[in-house]
Amino acid sequence: MERAAGTRLSPGVSKWDIRQKIWDYMEASNLADFPRPVHHRIPNFKGSFLLSHCVRKWEVFEKAREVKVDPDKPLEGVRLAALQARKSLLVPTPRLRTGLFNRIVPPPGAAKDTLRKCATSQGVRDFSVPVGLDANVQVDLVVVGSVAVSEKGWRIGKGEGFADMEYAMMVSMGAVREDTVVVTAVHDCQVVDIPEELLGEHDLTVDYILTPTRVVRTGCMRPKPPGILWHQVSHRTMEKIPILKSLRWREEQAGKDVTLKEERTDVPAVAEPARRAKDVRPGSPPLPNQSGLCQASPKAESASASSDRLHELPSLFVGNIPPATRVSEFKAVLQEHHATPAQLTWQGAQRRAFLRYRDKAAAEVAAAALQGLCLHDCALRVEPAKAQRHKMAGGP
């Protein structure tokens with residue numbers, strides 16, 4: 001099978017390793033349709049639209065009255081099947097910017113061609129009405145896209161967490177129940193073994209897997225997200241997804257703990273009275289007032305003092321980073337291995353990075369977590385940054 005031949009996974013892999021392996025294999029084997037390349041997408045695998053014929057005869061689908069289907073291209077056929085069966089079809093709003101989801105409402109007496117248009121991304125925009133938090137929604141079937149999934153029901157998306165968040169938000173508003181079925185549709189090569197240690201409590205699992213050749217009942221017993229895990233939600237995420245503010249207020253009124261996680265940035269927790277213009281990113285939070293630590297002193301002296309404190313922080317050197325690696329991918333790998341630094345200095349062109357931690361213990365824990373780690377089949381080189389600086393200063 002293609003699964004065994006093309007997508008074997010090595011021990012100690014990360015979520016990003018699995019994503020990359022699937023994306024690379026599907027591109028090399030020409031197993032995807034538009035849009036290409038499939039990297040950083042939910043792959044639109046060949047044969048995905050034909051699932052519209054298969055799913056209509058599936059007992060689980062036949063029983064469902066209200067269906068939520070993600071807007072991914074490979075699920076277009078499933079959206080069409082729901083419309084043709086006259087089911088209530090809900091589709092999440094893009095990146096959750098303007099709400100949770102919309103209901104697709106085709107014109108009265110819509111013919112097949114019109115229904116096909118309604119199932120596309122353009123149709124979702126043209127033939128939908130928003131669904132408010134107070135709407136009496138009871139979703140019977142949730143269909144999500146995936147980059148990879150295991151026969152045990154463990155799923156990996158493209159790394160942005162929207163499917164997990166959408167489900168958690170539906171729990172929060174009472175739109176799903178314990179018996180709501182969660183399904184994903186993928187190519188056979190996307191069904192791989194996934195180590196359970198890669199999963200977090202926020203990760204959504206699936207009950208069924210649909211492929212062009214089979215239907216897999218996973219029998220997954222791992223609990224699905226019990227709702228929004230506020231301690232994992234940052235202030236930045238709250239700003240990106242405005243509807244979270246309403247849901248948080250409701251849960252706070254209900255007496256739930258809605259404390260957000262401490263905002264993490266790429267700057268260390270040391271006094272820095274002014275950030276240089278080239279370091280400012282759109283949407284970056286303002287730095288806290290450090291007047292108690294750095295009293296009125298010239299800018300040059302403050303910057304120099306800050307720089308000195310910065311270099312005093314325990315640091316790690318990470319080398320042999322694959323040339324095609326993006327900084328966002330590297331950050332995600334660090335987060336998955338619980339090695340997120342206080343500051344990251346990225347030198348991708350030199351295939352290296354420097355990680356600064358708030359204390360020696362944090363640096364030692366991160367070093368242990370990253371030892372032996374491979375990224376795109378390249379073994380990363382991890383060592384104390386001080387030792388590396390001595391080597392660089394000493395020359396070849």
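Keep in mind the model is a prediction, meaning the values are calculated, not measured.

Cut-offs applied
Residues numbered from 1 in each chain as written. Predicted model: local features only at pLDDT ≥ 70, side-chain atom pairs only at ≥ 80, totals over all residues. Heavy atoms only, no water. Helix = DSSP H or I, 4+ residues; strand = E, 2+ residues; numbered from the N terminus. Buried < 20%, exposed > 50% of the residue type's maximum accessible area, 1.4 Å probe, protein only. Contact = heavy atoms within 4.5 Å. Areas by Shrake-Rupley, 256 points an atom, 1.4 Å probe, with all protein chains shown as cover. Pairing = 2+ DSSP bridges. Axes fitted to C-alpha atoms, helices over the stretch in contact; angles between N-to-C directions. Patch = residues over 30% accessible without salt bridge, like charges linked within 9 Å, V, L, I, M, F, W, Y side chains within 5 Å. Salt bridge = Lys/Arg side-chain N within 4 Å of Asp/Glu carboxyl O. Lys, Arg positive; Asp, Glu negative; His and termini not counted. Charge placed at Lys NZ, Arg CZ, Asp CG, Glu CD. Polar contact = N/O pair within 3.5 Å; in protein donor to acceptor, adjacent residues only side chain to side chain. Core = buried A, V, L, I, M, F, W, Y, C linked by side-chain atoms within 4.5 Å. pLDDT = per-residue confidence, 0-100. Arc of directions from axis to C-beta. Parallel < 35°, antiparallel > 145°, perpendicular 65-115°, else oblique. Nonpolar A, V, L, I, M, F, W, Y, C, P; charged D, E, K, R; others polar.

**Thoughts on the overall build of the chain**
The helix and strand inventory of the chain stands at 14 helices and 16 strands. Counting every position in the chain, which comprises 396 residues, the buried fraction comes to 47%. For the chain, restricting intrachain contacts to residue pairs at least 6 apart in sequence, the fraction spanning at least 24 positions comes to 66%. As displayed, the chain offers around 20500 Å² of accessible surface, 52% of which is attributable to carbon and sulfur atoms.

**A short note on the sheet that holds strand 1 (residues 66-69)**
Taken together, the eight strands give an open sheet; going across it, the order is 4-3-2-1-5-8-9-10, and neighbouring strands pair in mixed fashion. What marks the edges here is a single partner per strand, and that holds for strand 4 (128-131) and strand 10 (215-217). Adjacent strand axes in the sheet meet at a mean angle of 25° when their direction is disregarded. In this sheet, strand 2 (residues 88-92) lies alongside strand 1 in parallel orientation, the contact comprising three bridges.

**Considering a positive patch on the surface**
A surface patch of like charges, here positive, comprises Arg-56, Lys-57, Lys-112 and Arg-116. Within the secondary structure, Lys-57 is located in the loop between helix 3 (51-55) and helix 4 (59-63). Its relative accessible area of 71% is what places Lys-57 among the exposed residues.

**Overview of the side chain of Arg-155**
In this structure, Arg-155 sits in strand 7 (residues 155-156). On the accessibility criterion, Arg-155 (7% relative accessible area) is buried. One polar contact links the side chain of Arg-155 to the main-chain carbonyl oxygen of Gly-145, over a distance of 2.8 Å. Engagement of the side chain of Arg-155 in a polar contact is seen with the side chain of Ser-146, the distance being 3.1 Å.

**Some words on the nonpolar core**
Membership of the largest hydrophobic core comes to 69 residues, with the highest contact counts inside it found for Ile-18, Trp-58, Ile-104, Leu-141, Phe-330 and Leu-355. When near neighbours in sequence (up to four residues on either side) are disregarded, Leu-355 contacts Pro-314, Ser-315, Leu-316, Val-318, Phe-330, Leu-334, Pro-341, Gln-343, Leu-344 and Leu-370. Grouped together as the second largest cluster of nonpolar side chains are 37 residues, Val-137, Val-149, Met-165 and Leu-244 included.

**So, the side chain of Arg-356**
On the secondary structure map, Arg-356 appears in strand 13 (residues 352-356). Overall, Arg-356 belongs to the buried group, its relative accessible area being 8%. A polar atom in the side chain of Arg-356 sits 3.0 Å from the side chain of Thr-345.

**Remarks on the confidence of the model for the chain**
For the chain, the mean per-residue pLDDT works out to 82, and 81% of the residues sit at or above 70. Averaged pLDDT values over the elements of the chain bottom out at 45 in helix 1 (residues 2-6) and peak at 98 in strand 6 (residues 148-149). Low pLDDT (under 50) marks residues 390-396, which in the prediction has four contacts with non-local residues, meaning those over four places away or in another chain.

**Comments concerning helix 10 (residues 243-253)**
Within helix 10, burial applies to Ile-243, Leu-244, Leu-247 and Glu-251. Relative to the axis of helix 10, the buried residues are bounded by an arc of 100° and lie together on one face. Turned more than 90 degrees off the buried face of helix 10, the exposed positions are Trp-249 and Gln-253. On the buried face of helix 10, the contacting elements are helix 8 (162-172) and helix 9 (235-240).

**With respect to the packing of helix 2 (residues 15-28) against helix 12 (residues 327-336)**
Between helix 2 and helix 12, the shortest axis-to-axis distance is 9 Å and the interhelical angle comes to 135°. The pairing of helix 2 with helix 12 is recorded here as oblique in orientation. Taking contact as the criterion, the partners of Lys-15, Trp-16, Arg-19 and Gln-20 in helix 2 are, on helix 12, Glu-329, Ala-332, Val-333 and Glu-336. Looking at the contact of helix 2 with helix 12, its residues break down into three nonpolar, one polar and four charged.

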